[in-house]
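Summary of the model geometry
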Amino acid sequence: MSKILLLEDDPLFADTLVDLLEESGFEVEHVPNGQSALDKTFTQKFDLYLLDINVPLIDGLTLLKELRESNDNTPAIFLTSHKDKEVLKKSFKSGGDDFLTKPFDSDELLLRMSALLKRAKCDISLSVGLLSNDNVHKRISYNNEELDLSKKEYELLLLLMRHANNTVPKEMIQSELWSSSEGGSDGALRVYINRIKQLIPQISIENVRGIGYKLVS
């Protein structure tokens, strides 16, 4: 049974969501503010976060940003009444995996949750050619030898592995690797790509000019 952390300060909406999720077979922990959510993550392990943005004490965007900076890669979906594109961008830059605008269809929420949970489980045993990912310890092995990767190099290589044989746009890479305050550059990305290429000489990472990068398995 997957365990969900729900951050929502509207009690009626929260009750509705809890009922929906529990009826769908999930275990749900509901909290009304960001500080309580942060505290829960210190004492419990969750499979997915559902986060409202405008909540008391610590807003949802700041909460997830802090969790990502502490190497918490639990999948997260933002649930919000915001329709502003800037808020959408901020949700992804803070580390969000998906975004649903209220009111939303309950079936759509369940489908998106299922997709993220499935991806997370695949990451645990994700293998591409000579590369294999250990999602528990956040490390990737090449030809059965653990690679010496920085946090961003690990995140970049894992992203390329997830999309093996498909081009990953630079915009997606920068959104995954850098927060809005860091502002990653094309030059920094090239440095990481070249460093990874040196570590995996038998695997090709292609530069798709003007679009992004592709790991060819």
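Scroll up to find the structure.
All of these numbers come straight from a predicted model, not from anything done at the bench.

Turning our eyes to something else, we now look at the packing of aromatic side chains. The final tally for this structure, using the stated rule, is 2 aromatic pairs. Relative to Phe-104, the ring of Phe-13 lies with its centre 5.9 Å away and its plane at 75°, an arrangement referred to as edge-to-face. Pair noted here: Phe-13 is in helix α1 (residues 11-23) and Phe-104 is in the loop between β5 (98-101) and α5 (106-124), with a separation of 91 residues, a long-range link. On the basis of relative accessible area, Phe-13 is assigned to the partly exposed category, the value being 25%. Sitting above the plane of the Phe-46 ring, Lys-3 keeps its charged end 5.4 Å from the centroid.

Working note: non-glycine residues mostly have negative phi, and peptide bonds are mostly trans. In this chain, Lys-102 is followed by Pro-103 through a cis amide linkage whose omega measures -10°. One non-glycine residue, Asn-143, adopts positive backbone phi at about 55°. Along the chain, the position of Asn-143 falls in the loop between β8 (139-142) and β9 (145-146). A relative accessible area of 43% places Asn-143 in the partly exposed class. With phi around 70°, Asn-165 is a residue other than glycine that occupies positive phi space. Position of Asn-165 among the secondary structure elements: in the loop between α6 (151-162) and β10 (168-169).

Cut-off values and rules
Residues numbered from 1 in each chain as written. Predicted model: local features only at pLDDT ≥ 70, side-chain atom pairs only at ≥ 80, totals over all residues. Heavy atoms only, no water. Phe/Tyr/Trp six-rings, centres within 6.5 Å; stacked < 30°, edge-to-face > 60°. Helix = DSSP H or I, 4+ residues; strand = E, 2+ residues; numbered from the N terminus. Buried < 20%, exposed > 50% of the residue type's maximum accessible area, 1.4 Å probe, protein only. Lys NZ or Arg CZ within 6 Å of the ring centre and 35° of its normal.

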